[in-house]
Amino acid sequence: MLLTYLGVFLLSVASLAFEITLTRVFSVAQWYHFAFMTVSIALLGFGASGSFLALFPSLANGPHRPSPMRGEVDISPFPRREGGQVVRSAPGSYTLLAVLFTFSVVGSYLTINYIPFDSYCIAWERRQLLYLAVYYLSLALPFFFSGLTVGVLLTVQSARASTTYASNLAGSALGCLIAVVALPFLGGAGTVMLSALIGWLAVAAFAWSRRPLVAGEAPPQTERPNRVILSERSERRISSYKSRMGCFALLSMTGKIPAYLSRARLMKMPGHWSLLTSSAAYLTVLIVLLAFTLSPPGFLDIRLSPYKGLSYALQYPGAEIVFSRWNAFSRIDVVRSRGIHSAPGLSLAYQDSPPPQLGLFTDGEDLSPITATDWDEADLREFIGYLPTSLPHRLLPRAEVLVIEPKGGLDVLTALENGAASVVAVESNPLIVEAVRDSFGDWAGGIYQDARVRVIIEDGRSHVRRMGQSYDLIQLSLADSYRPVTSGAYSLSENYLYTQEAFADYLTHLNEGGLLAVSRWLQLPPSETLRVGALAVAALERSGVAHPERRLVVIRSMRTALLLIKNGEFSAEEIEAVRRFCEEGKFDLVYYPGIQPAEANRYNVLPEPYYYRAFQDLLSAEDRARFYAGYAFDVSPPRDDRPFFFHFFKWSQTPAILQTFGRTWQPFGGSGYFVLVALLVLALLASAALILAPLLFQRLTQPSLPQVVNLREVERGRVFLYFALLGLGYLFVEIPLMQRFILFLGHPVYAFATTLFALLLFSGLGSMTCPRFSLLKTLILLSVAIILYPLLLPHLFQLLLGQGFALRLLASVLSLAPLGFLMGIPFPGGIALLDRLAPELIPWAWGINGCLSVLASILSTMLAISFGFSWVLVGAGLAYAGGAVVLWRMADGE
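Everything quoted here is computed from the prediction, not taken from an experiment. (Residues numbered from 1 in each chain as written. Predicted model: local features only at pLDDT ≥ 70, side-chain atom pairs only at ≥ 80, totals over all residues. Heavy atoms only, no water.)

K.L.:
Which residues make up the overall build of the protein, and what values go with them?
P.N.:
A tally of helices and strands in the protein yields 30 helices and 14 strands. If you take every contact in the protein between residues at least 6 apart in sequence, the share linking residues at least 24 apart comes to 77%. Roughly 34,600 Å² of accessible area belongs to the protein as shown, and the carbon and sulfur atoms make up 61% of that amount. (Helix = DSSP H or I, 4+ residues; strand = E, 2+ residues; numbered from the N terminus. Contact = heavy atoms within 4.5 Å. Areas by Shrake-Rupley, 256 points an atom, 1.4 Å probe, with all protein chains shown as cover.)

See below:
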């Protein structure tokens, strides 16, 4: 059995490595919400496997036929139950499923890479719905085969469910680490091929596993029809042959030796030739997968959506990619093209040509320029002077500056050209620093090597918390591309740089009279800019400022707005300098203390002074909660517990969205947040079908189930409810914690992999020790622990956020260990209980748990966006408490 568990372990490694790699592939090829859907797709595949096993129990129990006599050869690949004993399968079933998993990984990746799915056309091209369905089905297949393998083994070896579950969870935990480690070296396509390669190693483990055909004593010596009776010598030859070849030679779905394997031919079969043929086929596939992993051929390259910024840039004649690298959380590309011109907010008064630039793209989006400095010094200074980000340097000459997420370095260049005394550039992506400082340092004039510049590779929040230094100017660079607020493409993205707690940290690290400068894109009605204003007001009020409106200045160009928040009130001289800067550069005043209506909307003229009115309403509102509730978009200030800065959706927008659906050139027809709602509905329908189908099928075909006769209808409902609550509870813990730890670890992939690794690893350990603990007491303790976590985590983050990454990583794993350990006990404990009550319902329970997990993965995100992570964790605690109640009622015999 050890090799069988090794096969499950390897298959689980491959499954989770593939799942995490898909999140990166989708982020590069499509959009962020596709990366989110990977979790639900994987869980749907796992859940479908359990329901499929319940619909076709012969996969685990084999066809109803007599047991083999001593001296017979039973080469059926599937196990069965007879007379209360488990008739264990030959390794063929697991081997076949591992083979199917391996090829489905490659096939599904090629399918999503080449199918012409276009999210922009889905509102009016029906075939796009078909393409989207193919996306889902093809990607669910690998997880279906992986889940089916585990489901079969859980059914056959239900007494060892804890060991099977532990192998599955431990392998899944390792898969998380392998994906993160492999991506920087192999890239997206190479890591997908690595997942397939690991799946292929599982084929070998299953094929070479050796175990007895029957658990327990041999069946009685009675004559059975349709069996080939062999001599003792022949039996030994066949047994030896099976142990060496696994399913490669003796796979049979009927349980009988095929005609071409008659006794005479078996006795004369050139076994070494068959062994050589099968081994050669296996090694050929192994070598091909290894080659594709180390050096993926061109046809495996990720194909970007034609609407990605990188795709647009490459359409310009002569454009070429001159730098392309992967790390665990991004792909960085640098494009050389005469068509690259990026200067967010550049004044319309600037009449000359901009300097030459290279385009730096993150995941095919978020263009950031690397500006050439071998230009005439006067021309370069003039260009910089027409950028709105020059204003804070005019107010604070010779400032000590902190620039957060400078990307291509335009804001660093602006600070240097305006005479900053020193610049600390905090960039979270080491590949960007490598590109700007090392690969294109000469092009950029060595701005990252300048004696006044210190580059720190670290998350901005962590740096601000860790460093005790204060600055004259802290600047949040405009590091992302313009996105219409109604597209909803980034509603799901967390951004911990734009929360109340983040702004409070920034203000704390400003010198007296210092400035916090924030640039954002303009939207109508005002949204991004107004939300930053709301954040500034909330942070100032939290620090005890009675009149935050006296510390705020807002200006705008045609496309961007700049907000200045001061550690102190603006003086009359500073306000006059702001007015003079706007007049010279033809920038519009939006707000300053004492602004007059006639001063707004003068240069970049809009039909109405929308931004001026919005800020007047925000800052003059006596009840800001009422203002946020009555505004068209959700512009309330985000918190660390709800860090969705780009989520502006309100249900009151529904009529307007439906009216314009399919009439705007945006992903999913401009449906925005309803993409998530539609996904939830689809998952609900699919999960309901997968859960109800086995029940309906059994009722129609098997009115009386012999193994369930002692289980009353109400008790079957409790079984349904128990495993449903476990599925909801586990994902209600996993999803919000993955999102919550982004703040602590700095990047989504690190948080995703670390949280999964810790929860799955310690859940595996908990599963192995399951028989030692009371299931009911464990559920009660678990529900209490989950509800306490929202209270404890903020204190942990507050204490350690400023520490080094290694310490934060270790603290993350250790803090998740107790929770993961307890979460690993309820499922195998429930399987063991079900094995005593109704073993034929074990596949059904596996399917229920998986399918409800699909719903939980989507529902937890929707709840987190609306109410925050803490309330989702409270919901998880209630789910496990409900499981305890169900278990208590079942044990009570009601």
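K.L.:
Any chance you could break down the sheet that holds strand 6 (residues 365-371) for me, citing the residues and the numbers?
P.N.:
Sheet architecture is open: four strands sit in the order 3-4-5-6, paired in antiparallel fashion. Each having just a single partner strand, strand 3 (320-327) and strand 6 make up the two edges of the open sheet. With strand direction ignored, the average angle separating the axes of adjacent strands in the sheet is 20°. One ladder, built from five bridges, connects strand 5 (residues 357-362) with strand 6; its direction is antiparallel. If you follow Gln357 over to strand 6, its bridge partner there is Thr371. (Pairing = 2+ DSSP bridges. Axes fitted to C-alpha atoms, helices over the stretch in contact; angles between N-to-C directions.)

K.L.:
How would you summarise the packing of helix 1 (residues 2-29) against helix 5 (residues 126-156) if you had to cite specific residues and measurements?
P.N.:
It is at 10 Å that the axes of helix 1 and helix 5 come closest, and there the two elements cross at 160°. The orientation of helix 1 relative to helix 5 falls into the category roughly antiparallel. Once helix 1 is placed against helix 5, the crossing between them reads as left-handed. Of helix 5, the residues touching helix 1 (which contributes Thr4, Tyr5, Val8, Leu11, Ser15, Phe18, Glu19, Leu22 and Phe26) are Tyr135, Leu139, Pro142, Phe143, Ser146, Thr149, Val150 and Leu153. Tallied by class, residues from the contact of helix 1 with helix 5 come to twelve nonpolar, four polar and one charged. (Parallel < 35°, antiparallel > 145°, perpendicular 65-115°, else oblique. Left-handed = near helix turned anticlockwise from the far one by under 90°. Nonpolar A, V, L, I, M, F, W, Y, C, P; charged D, E, K, R; others polar.)

K.L.:
Give me unusual backbone geometry: which residues, what numbers.
P.N.:
In this chain, Leu524 is followed by Pro525 through a cis amide linkage whose omega measures -10°. When you line up the elements, Pro525 lands in the loop between strand 11 (510-521) and helix 18 (528-542). We note that Lys586 has phi near 60°; this positive angle belongs to a residue other than glycine. For Lys586, the location among the structural elements is in the loop between helix 19 (572-585) and strand 14 (588-591). Residue Lys586 is classed as partly exposed on the basis of its relative accessible area of 37%. Here the phi dihedral of Asn601 falls at roughly 60°; this positive angle occurs in a residue that is not glycine. By the secondary structure assignment, Asn601 is in the loop between strand 14 and helix 20 (610-620). (Buried < 20%, exposed > 50% of the residue type's maximum accessible area, 1.4 Å probe, protein only.)

K.L.:
A description of helix 12 (residues 377-385) should follow, citing residues and the corresponding values.
P.N.:
For helix 12, the set of buried residues is Leu380, Phe383, Ile384 and Gly385. Buried residues along helix 12 sit in contact with helix 13 (391-395), helix 14 (410-417) and helix 19.

K.L.:
Lay out the pairing of strand 10 (residues 471-476) in plain terms, naming residues and giving numbers.
P.N.:
Most of strand 10 is tucked away: five of the six residues are buried. The sheet contact formed by strand 7 (residues 400-404) and strand 10 spans four bridges and is parallel. Along strand 10, the bridge assignment pairs Val403 with Gln475. Inspection of the sheet shows strand 10 paired to strand 11 by five bridges, in the parallel sense. Pairing of Leu476 across the sheet is with Val518, part of strand 11.

K.L.:
I'd like a description of the side chain of Ser783, backed by residues and values.
P.N.:
If you trace the backbone, Ser783 turns up in helix 26 (residues 775-800). Take Ser783: its relative accessible area is 7%, and that puts it in the buried class. A polar side-chain atom of Ser783 sits 2.7 Å from the main-chain carbonyl oxygen of Ile780. Those residues in contact with Ser783 that sit more than four places away from it in its chain are Gly877, Tyr880 and Ala881. (Polar contact = N/O pair within 3.5 Å; in protein donor to acceptor, adjacent residues only side chain to side chain.)

K.L.:
Lay out the pattern of salt bridges with the relevant residues and their values.
P.N.:
Two side chains with opposite charge may pair up if their charged atoms get near one another. Applying the stated criterion to the full structure yields 28 salt bridges. In this structure, Arg336 and Glu320 form a salt bridge, with 3.7 Å as the shortest nitrogen-oxygen distance. Highlighted residues: Arg336 in strand 4 (residues 330-336) and Glu320 in strand 3, separated in sequence by 16 residues. Using a relative accessible area of 37% as the deciding quantity, one classes Arg336 as partly exposed. Lys566 is the salt-bridge partner of Glu574, the closest N and O atoms lying 2.6 Å from each other. Through salt bridges with shared partners, one network takes in Arg461, Arg465, Asp505 and Asp640. (Salt bridge = Lys/Arg side-chain N within 4 Å of Asp/Glu carboxyl O.)

K.L.:
Before we move on, could you go through empty space enclosed by the protein and cite the residues and values that matter?
P.N.:
Where empty space is left becomes clear once a probe the size of a water molecule has been rolled over the atoms. Applying the stated rule across the entire model yields twelve cavities of 30 Å³ or more. The calculated volume of the second largest cavity comes to roughly 540 Å³. Around the second largest cavity, the lining is made up of 31 residues, and of these Leu43, Phe46, Leu169, Tyr730 and Leu760 lie nearest the centre. Counting residues per element, the ones that place at least two in the lining of the second largest cavity are helix 1, helix 2 (32-55), helix 6 (161-207), helix 24 (713-745), helix 25 (748-768), helix 28 (826-837) and helix 29 (842-867). With seven residues, the top contributor of residues to the lining of the second largest cavity is helix 24. (1 Å grid on protein atoms, 1.4 Å probe; cavity = no way out; pocket = protein on both sides within 12 Å on 5 of 7 lines; lining within 4 Å. Points joined across faces, edges and corners; volume = space filled by probe spheres on them.)

K.L.:
Let's hear about the sheet that holds strand 10: which residues, and what values?
P.N.:
Read from one edge to the other, the open sheet built from eight strands follows the order 9-8-7-10-11-13-12-14, with strand pairing classed as mixed. Taken across any chain shown, the strands that pair with only one partner, and hence form the sheet edges, are strand 9 (453-457) and strand 14. Averaged over neighbouring strand pairs, the angle between their axes works out to 20° when direction is ignored. The sheet contact formed by strand 12 (residues 552-556) and strand 13 (residues 560-566) spans five bridges and is antiparallel. Looking at the pairing, Leu552 lines up with Ile565 of strand 13. The strands touched by helix 19 within the sheet are strand 12, strand 13 and strand 14, with strand 12 carrying the most contacts at an inclination of about 5°. Across the face of the sheet, helix 20 comes into contact with strand 12, strand 13 and strand 14 while running at roughly 20° to strand 14.

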